[in-house]
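Structural characterization, general
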Amino acid sequence: MSTMRMLPDHGLPLVQLKELRRDMVVALQRHVGPVGFEELIRIATIQAAISACEDVVADLDAEIEAAA
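It should be emphasised that the depicted structure is a prediction, and the values quoted were computed from it without experimental measurement. (Residues numbered from 1 in each chain as written. Predicted model: local features only at pLDDT ≥ 70, side-chain atom pairs only at ≥ 80, totals over all residues. Heavy atoms only, no water.)

**A look at the nonpolar core**
Judged by nonpolar contacts, Leu14, Leu17, Ile46, Ile50 and Cys53 together constitute the single largest core of five residues. Elements with a contribution of two residues or more to this core: helix 2 (14–30) and helix 3 (37–67). When residues in this core are grouped by element, the largest group, three residues, is from helix 3. Not counting chain neighbours up to four residues away, the residues in contact with Cys53 comprise Leu12, Pro13, Leu14 and Leu17. (Core = buried A, V, L, I, M, F, W, Y, C linked by side-chain atoms within 4.5 Å. Buried < 20%, exposed > 50% of the residue type's maximum accessible area, 1.4 Å probe, protein only. Helix = DSSP H or I, 4+ residues; strand = E, 2+ residues; numbered from the N terminus. Contact = heavy atoms within 4.5 Å.)

Right under this line is the structure:
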């Protein structure tokens, strides 16, 4: 079993968001021509959601550690 499967997800879609971001970036690598503004906005939005989830996870982990 991989280490990633053993980590708690805190009920957040962090892994799914990271996979979506990866898929979007890979699609851009195959893209011919200029990248559209909407595509960049979508990736930036996903990145902001990832950052927010990571902040929540860090806060939850800090609360758990403080309670221990």
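Structure shown, so let's carry the discussion forward.
**Structural notes on the pattern of salt bridges**
Side-chain pairing between opposite charges can occur once the charged atoms of the two side chains come close. All told, the structure shown has three salt bridges when counted by the stated rule. Close ionic contact of Arg22 with Asp23 constitutes a salt bridge, the shortest N to O distance being 3.3 Å. When its relative accessible area of 47% is taken as the criterion, Arg22 is described as partly exposed. Accessibility expressed as a relative area gives 43% for Asp23, which makes it partly exposed. Note that Arg42 and Glu38 form a salt bridge whose closest N and O atoms lie 3.6 Å from each other. Note that Arg42 and Glu38 are positioned in helix 3 at a spacing of four residues, about one turn of the helix. On the basis of relative accessible area, Arg42 is assigned to the partly exposed category, the value being 45%. When its relative accessible area of 56% is taken as the criterion, Glu38 is described as exposed. (Salt bridge = Lys/Arg side-chain N within 4 Å of Asp/Glu carboxyl O.)

**Concerning the packing of helix 2 against helix 3**
Where helix 2 contacts helix 3, the axes come no closer than 10 Å and their chain directions differ by 155 degrees. Here helix 2 lies roughly antiparallel to helix 3, going by the angle between them. Viewed along their axes, helix 2 and helix 3 form a crossing whose handedness is left-handed. Of the residues in helix 3, those touching helix 2 at Leu14, Leu17, Lys18, Leu20, Arg21, Met24, Val25 and Leu28 are Glu39, Arg42, Ile43, Ile46, Gln47, Ala49, Ile50, Cys53 and Glu54. The class makeup of the residues in the contact of helix 2 with helix 3 is eleven nonpolar, one polar and five charged. (Axes fitted to C-alpha atoms, helices over the stretch in contact; angles between N-to-C directions. Parallel < 35°, antiparallel > 145°, perpendicular 65-115°, else oblique. Left-handed = near helix turned anticlockwise from the far one by under 90°. Nonpolar A, V, L, I, M, F, W, Y, C, P; charged D, E, K, R; others polar.)

**A closer look at the confidence of the model for the protein chain**
Per-residue confidence for the protein chain gives a mean pLDDT of 85; residues scoring 70 or more make up 84%. Here residues 1–5 is modelled with pLDDT under 50, and outside its nearest four sequence neighbours on either side it reaches one contact, counting other chains as well. (pLDDT = per-residue confidence, 0-100.)

**Points about helix 2**
Taking 1.5 Å as the rise per residue, helix 2 with 17 residues should run 24 Å; its terminal C-alpha atoms sit 25 Å apart, in good agreement. For helix 2, the set of buried residues is Leu14, Leu17 and Leu28. Around the axis of helix 2, the buried residues are gathered within 65 degrees of arc, so they sit on the same side. Exposed side of helix 2, more than 90 degrees from the buried face: Gln29 and Arg30 are the residues found there. Of the surrounding secondary structure, the elements contacted by the buried residues of helix 2 are helix 3. (Expected span 1.5 Å × (residues − 1). Arc of directions from axis to C-beta.)

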